[in-house]
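The lines below spell out each chain.
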Amino acid sequence: MNHPKEWTVPDHVPPELVADFDYRNPPGAQDDVHLAWKMLHAGPDIVWSPYYGGHWIATRGEDIETMQKDSVRFSHRSVNIPPLSEMQVVSLELDPPEHTSYRNLITPAFLPQAIASLENDVRSLAVERLEKLASRGECEFVSEFAKILPIVIFLRLADLPLSDREQLLEWAEWAVRGNVDERNESQHRLIGYISTWVEKRKAEAGGDLVSLIANAQIEGKPISPERMFGMFIVVLFGGLDTVASMMGFIARFLAENPAHRRQLIDKPELMVSCVDVADTALWRGQYGAAHHPGHGIQGRSVQEGRADPAAELAVRPGRSQV
Ligand code: HEM
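Numbering of residues starts from 1 in each chain and follows the order in which that chain's sequence is written. Only residues with pLDDT of at least 70 get local features here, since the model is predicted, and only at 80 or more are side-chain atom pairs given and counted; chain-wide, interface and lining totals rely on the full set of residues.

This paragraph deals with the overall build of the chain. Broken down by element type, the chain carries 14 helices and seven strands. Taken across its 322 residues, the chain has 28% of its residues classed as buried. Our contact criterion uses C-beta atoms placed from the backbone: two residues qualify when those atoms are within 7 Å. At a minimum sequence separation of 6, the contacts of the chain that also span at least 24 residues come to 66%. We count a stretch as a helix when DSSP gives it H or I for four or more residues in a row; a strand needs E for two or more, and each element gets its number in order from the N terminus. Burial is judged by counting other C-beta atoms within 10 Å of a residue's own C-beta: 20 or more means buried, 12 or fewer means exposed, and anything between counts as partly exposed, with every C-beta placed from the backbone.

Dropping the structure here:
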């Protein structure tokens, strides 16, 4: 479909920077998504992919860090490639100073103390699931464990019915791996679903995440419905696939590396640092967000005149595939 002959490479893109790289399905991803992405390290520090209307991909950690932190030169205003047409994902798609105000609204729900209070609940849920699976001696780890844990925890955090689990998981799947229509549709459905709960929690607020967002105010004024729904999108869809992917990557690594598995069984005290390392190496080392060059761009490659200020810039995009 996307054959070099069909590409229209803009004049400002040097031919040596064009990469046949579909970030939603990089070559080799079915075998190992991290190795598929790693292939880009063998090339230049920035490449231009013709997929999804054309976009740049930064391939070096230091450049990516610069883009993440410098919201003046690299705006977060639309993190999807291609951009979704409708709902703005809040606070992810806001730049400072607005970002700070919206981010502060949900911060209390994610402070260490709030998370620590969930620990016993998470632990007993994990043990309960594992006991059910252990007697079989095998399982399909992602669908039977990794996807279940985060949705159940989210539903408890938000005080929503456990019976809505399957439906929300389906929409989350569309939101992350769907095409543009499916991704927009998933947002519509989530908004329809959450609206009823917003009204209920406005009438009678509790200590849950839905009440927190539904009754949020900035400078004494309620936030707009669009911004409110944008926040629900990020806390729900942002927290499901990420966690399931992370656990899937760790389980796969341990399944393929028995010596490491043995080490953790023999020394369970290594578990916490092992999870930290895996999180950094397997997920944060490869996450995606689109950035839009703002004014006065002086990033390394961009400064050298290799990037088009009008084009989208992708920071190694591609939410991980499990
Ligand atoms: C292993 C699990 C997770 C990983 C690897 C992960 C990764 C990330 C990354 C890389 C970003 C920054 C994106 C950017 O700046 O462009 C982000 C933002 C965010 N994540 Fe997660 N995430 C995880 C779990 C969660 C969970 C469980 C929740 C909530 C239930 C969550 C909520 C958010 C929110 C609200 C933001 C936006 C923060 C902001 O705008 O400043 N994440 N996450």
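Back to the write-up after that little detour.
Moving on, we get to the pairing of strand 1 (residues 46-49). Judged by which residues are buried, strand 1 turns out to be covered on both faces: Ile46 and Trp48 on one side and Val47 and Ser49 on the other are all buried. Bridge count between strand 1 and strand 2 (residues 55-58): four bridges; the pairing is antiparallel. If you follow Ser49 over to strand 2, its bridge partner there is His55. Strands are labelled as partners when DSSP assigns at least two bridges between them.

With that settled, consider the pairing of strand 2. The side-chain alternation of strand 2 yields two buried faces, one formed by His55 and Ile57 and the other by Trp56 and Ala58. Counted along the chain from strand 1 to the antiparallel partner strand 2, the turn is five residues long, and its residue Tyr52 has a positive phi close to 55°.

What follows covers the nonpolar core. Residues Ala172, Ile213, Phe232 and Leu236 are the most contacted members of the largest nonpolar core, which totals 36 residues. Every element with two or more residues in this core is listed here: helix 3 (98-106), helix 7 (148-158), helix 8 (165-177), helix 9 (180-203), helix 10 (209-214) and helix 11 (225-256). It is helix 11 that contributes the most residues to this core, 13 residues altogether. We define the nonpolar core as any set of buried residues of the types Ala, Val, Leu, Ile, Met, Phe, Trp, Tyr and Cys, connected via C-beta atoms lying within 7 Å of each other. Counting 16 residues, the second largest nonpolar core, distinct from the first, contains Ala19, Ala36, Trp48 and Ile57.

Glancing now at the confidence of the model for the chain. Looking at the chain as a whole, the pLDDT averages 83, with 84% of positions reaching at least 70. Throughout residues 295-322 the model reports pLDDT below 50, and contacts reaching past four residues in sequence, or to other chains, amount to 88 contacts. Confidence scores here are pLDDT values: one per residue, from the predictor, ranging 0 to 100.

Below, the discussion takes up the packing of helix 5 (residues 119-134) against helix 7. Geometry of a packed helix pair, given as the angle between the helix axes and the separation of the axes. The angle between two axes is taken between their N-to-C directions and runs from 0 to 180 degrees, where each axis is a line fitted to C-alpha atoms and a helix contributes only its stretch in contact. It is the contact of helix 5 with helix 7, at a shortest axis distance of 11 Å, that shows an interaxial angle of 140°. Classed by the angle they form, the pair helix 5 and helix 7 counts as oblique. Relative to helix 7, the crossing made by helix 5 is right-handed. Across the interface between the two elements, Asp121, Val122, Leu125, Ala126 and Arg129 from helix 5 touch Ile148, Leu149, Val152, Ile153 and Arg156 from helix 7. Orientation labels follow simple angle bins: below 35 degrees gives roughly parallel, above 145 gives roughly antiparallel, 65 to 115 gives roughly perpendicular, and whatever is left gives oblique. Two helices cross in a left-handed way if the nearer one is turned anticlockwise from the farther one by less than a right angle. They cross in a right-handed way if the turn is clockwise.

Before going further, it helps to spend a moment on unusual backbone geometry. Keep in mind that most residues, glycine aside, have a negative phi and that most peptide bonds are trans. Geometrically, the link from Ile81 to Pro82 is a cis peptide bond, its omega value of -5° lying close to zero. Secondary-structure assignment places Pro82 in the loop between strand 3 (74-75) and helix 3. Here the bond from Pro96 into Pro97 is cis, since omega is 5°, no more than 30 degrees from zero. Relative to the assigned elements, Pro97 resides in the loop between strand 3 and helix 3.

Contact pair helix 8 / helix 9: the axes reach a minimum separation of 7 Å and the direction vectors enclose 145°. Note on packing geometry: the crossing formed by helix 8 with helix 9 is left-handed. Where helix 8 approaches helix 9, its residues Trp171, Trp174 and Ala175 are matched on the opposing element by Glu182, Arg183, Glu185, Ser186, Arg189 and Leu190. Note on residue classes: Ala, Val, Leu, Ile, Met, Phe, Trp, Tyr, Cys and Pro are nonpolar, Asp, Glu, Lys and Arg are charged, and everything else, Gly too, is polar. In terms of residue class, the contact of helix 8 with helix 9 is made up of four nonpolar, one polar and four charged.

By the secondary structure assignment, Arg156 is in helix 7. Arg156 gets classed as partly exposed once you count the C-beta atoms within 10 Å, which come to 16. When the C-alpha positions of Arg156 and Asp121 are compared, they lie 9.5 Å apart, and in sequence the two are 35 residues distant.

Looking now at the environment of Pro225. For Pro225, the position within the fold is in helix 11. Along the primary structure Pro225 and Val198 are separated by 27 residues, whereas in three dimensions their C-alpha atoms are 10.0 Å apart.

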